[in-house]
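Residue-level structure breakdown
One letter stands for each residue in the lines below.
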Amino acid sequence: LLGGDPSPAPVTPSPPAASMADLLSGSPAAQPRLGVLESMAANGAEASAAFPSIIAYRHAASGVTVMFSFLKPAGNNALTEITATYVNEGQDQVTDFNLQAAVPKYMQLRLEPATSSVLPAGGSVPVYQKLYINNTMHGQKGLIMRLKLGFMTAAGMRLDEQTEVGNFPPGL
């Protein structure tokens, strides 16, 4: 699915892929409910190591930026808690913001709802969303993810984009 070299690469929007619909369909295989991930969310993750944050997506024209920061639970390196921070540094408010994510079959992903679907102008109020990943091949294959983002601009134009994120810090 997302084979190839897992080394960090610049994030650029990618054209729609036929398999993206399957990955982001919301089917049980794409978004399983995992006891270990739910437990991690309910109990909070204790950081076992510090990892730098990354810019996962940036749309220059609208000012929308998606940044990921990371926590690993002590004692289970396969699990990663990602806090997605959404900021709109543009002049106009963005509404109907939505992010979907997909990972290869050897990973399991769970997303919690975002704190809002509105990104205020000027970066004044960030929006947050938690993602939990269980990488069953941790140490053999690094994290990689496809994102599908959508939002409405102040001009009433719907923007939908897809991108692949491969610039995760080593060790996740």
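Residues numbered from 1 in each chain as written. Predicted model: local features only at pLDDT ≥ 70, side-chain atom pairs only at ≥ 80, totals over all residues. Heavy atoms only, no water.

Right, let's get into the overall build of the chain. The secondary structure content of the chain amounts to two helices and nine strands. When the helices and strands of the chain are read in sequence order from the N terminus, they spell out β-α-α-β-β-β-β-β-β-β-β. Burial status across the chain gives 42% buried among its 172 residues. Long-range contacts, defined here as pairs at least 24 residues apart, represent 67% of the contacts in the chain between residues at least 6 apart. A total accessible area of about 8500 Å² is found for the chain, and carbon and sulfur atoms account for 53% of it. (Helix = DSSP H or I, 4+ residues; strand = E, 2+ residues; numbered from the N terminus. Buried < 20%, exposed > 50% of the residue type's maximum accessible area, 1.4 Å probe, protein only. Contact = heavy atoms within 4.5 Å. Areas by Shrake-Rupley, 256 points an atom, 1.4 Å probe, with all protein chains shown as cover.)

Attention now goes to the side chain of Lys72. The residue Lys72 is located in the loop between β3 (64–71) and β4 (79–88) in this model. Buried charge Lys72 goes without a salt bridge, the closest partner of opposite sign being Glu81 at 11 Å. Among the polar contacts listed, one links the side chain of Lys72 to the backbone oxygen of Leu79, at a separation of 3.0 Å. For Lys72, the side chain forms a polar contact with the side chain of Thr80, separated by 2.9 Å. (Lys, Arg positive; Asp, Glu negative; His and termini not counted. Salt bridge = Lys/Arg side-chain N within 4 Å of Asp/Glu carboxyl O. Polar contact = N/O pair within 3.5 Å; in protein donor to acceptor, adjacent residues only side chain to side chain.)

With that settled, the discussion passes to the nonpolar core. Val66, Phe68, Phe97, Met145, Leu147 and Phe168 are the most contacted members of the largest nonpolar core, which has 33 residues in total. Counting residues per element, the ones that place at least two in this core are β2 (54–59), β3, β4, β5 (95–102), β6 (107–111), β7 (127–135), β8 (145–152) and β9 (158–165). In this structure Phe168 touches Ile54, Phe68, Phe70, Ile82, Leu143, Ile144 and Met145, once residues within four positions along its chain are discounted. (Core = buried A, V, L, I, M, F, W, Y, C linked by side-chain atoms within 4.5 Å.)

Looking now at unusual backbone geometry. Not every positive phi belongs to a glycine, and Asp96 is a case in point at roughly 55°. Residue position: Asp96 is located in strand β5. A residue is classified by how much of its surface remains accessible, and Asp96, at 42% relative accessible area, is partly exposed.

Taken in spatial order, the five strands of this open sheet run β2-β3-β4-β7-β6, and their pairing is antiparallel. For this open sheet the edge positions go to β2 and β6, each flanked by a neighbour on one side alone. Between one strand and the next, the sheet's axes are offset by a mean angle of 20°, whatever the strand orientation. Bridge analysis of β2 against β3 gives five bridges, and the strand direction is antiparallel. When the sheet's bridge partners are listed, Ile55 is paired in β3 with Met67. (Pairing = 2+ DSSP bridges. Axes fitted to C-alpha atoms, helices over the stretch in contact; angles between N-to-C directions.)

This paragraph deals with the confidence of the model for the chain. Counting all residues, the mean pLDDT for the chain is 79, and 72% of those residues have values of 70 or more. Predicted confidence is poor over residues 1–48, with pLDDT under 50, and the contacts of this stretch with residues over four places away or in other chains come to 87 contacts. (pLDDT = per-residue confidence, 0-100.)

Residue position: Tyr106 is located in the loop between β5 and β6. Residue classification places Tyr106 among the buried positions, given a relative accessible area of 18%. Considered as a pair, Tyr106 and Lys141 are 35 residues apart in the sequence and their alpha carbons are 9.2 Å apart. Apart from residues no more than four positions distant in its own chain, Tyr106 is found in contact with Asn134, Asn135, Thr136, Met137, Lys141, Gly142 and Ile144.

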